[in-house]
Amino acid sequence: LVQMVTQNGKIPLQNVIIVPRYTINGSTVMGKWASFYSCEELMAFAIEKMPDYFQLGGIFQTVPTPEVREANKLGITTVKNPLIIDIDMNDYDRTDVCDCGKEPKMCDKCYFTLLIPAQKYLKYVLEKRYGFQKVLYVFSGKRGMHVWVLDDRVWTWTREQRQVFLDSISSDAFSVKNDKYIMDDIFDNGNMKIFPKFDEAVTVDPCHLKKLPLMMHQ
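Residues numbered from 1 in each chain as written. Predicted model: local features only at pLDDT ≥ 70, side-chain atom pairs only at ≥ 80, totals over all residues. Heavy atoms only, no water.

**Concerning the nonpolar core**
Buried together is how nonpolar side chains tend to be arranged in soluble globular proteins.
For step 1, the next point in the chain: In this structure, I87, Y121, L122, L126, F132, I169 and F198 are the most contacted members of the largest nonpolar core, which totals 58 residues.
For step 2, the next point in the chain: Looking at this core element by element, the count peaks at 8 residues for helix α4 (residues 108-129).
For step 3, the next point in the chain: If sequence neighbours within four positions are ignored, F132 has contacts with L83, L126, E127, V149, D151, R153, V154, W157 and F165.
For step 4, the next point in the chain: Formed by 6 residues, the second largest nonpolar core is a distinct cluster that contains V19, F60, V79 and C207. (Core = buried A, V, L, I, M, F, W, Y, C linked by side-chain atoms within 4.5 Å. Buried < 20%, exposed > 50% of the residue type's maximum accessible area, 1.4 Å probe, protein only. Helix = DSSP H or I, 4+ residues; strand = E, 2+ residues; numbered from the N terminus. Contact = heavy atoms within 4.5 Å.)

**Re the sheet that holds strand β6 (residues 135-139)**
Hydrogen bonding along the main chain pairs the strands of a sheet, whether they run parallel or antiparallel.
For step 1, the next point in the chain: The 3 strands lie next to each other as β5-β7-β6, forming an open sheet whose pairing is antiparallel. Strands with a single pairing partner mark the edges of an open sheet, and in this sheet they are β5 (83-88) and β6. The average angle at which neighbouring strand axes cross in this sheet is 15°, direction not considered.
For step 2, the next point in the chain: As paired elements, β6 and strand β7 (residues 144-149) share 5 bridges and run antiparallel to each other. Its bridge partner lying in β7, V138 is registered against H146.
For step 3, the next point in the chain: In this fold α4 packs onto β5, β6 and β7, with an angle of close to 10° to the strand it touches most, β7. (Pairing = 2+ DSSP bridges. Axes fitted to C-alpha atoms, helices over the stretch in contact; angles between N-to-C directions.)

This is the structure we're talking about:
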């Protein structure tokens, strides 16, 4: 986990905001964010406090003091982050797919009808078109999928660059509409109803809270 959030040690761990999440009386509660100075310190915290899982809150160029975080909100400082894509079944129209509706869950029909094509599409676009080599596809734990692109070149992408990327893989993108493999083979003759829905904030905002992969779900 530490290797992942520090870009294999290129970023000091204390520059990373890590947020613990707990279950209290059946509800998920966010703990106070913290910076840790070593893997051992993070492990000791986990053993003592026993959070359900951790979220990534942003990776800064320096220790994220309140002043640094405020400067980031004003666009003065920059942050690093992998490129993350979030797909949530709740964002689909599942009327003709299954009985899940707007419930925060995913059934086998959701999985095979919606999530599998989404993963095939992203694997094709990310690995074939963009040439990314370090891509991790993770079940979100309840109703969707998180995709972590860890190639070095994406860590310093600005919000604007992340937005341009997200626009380029949307259903409205020219290169998507005119790709016969995407339209015919992956999305069943251009069935846009099953085209993946992306959570824009997760991809575009480097400081948006993101559940770290391989964490137990609450």
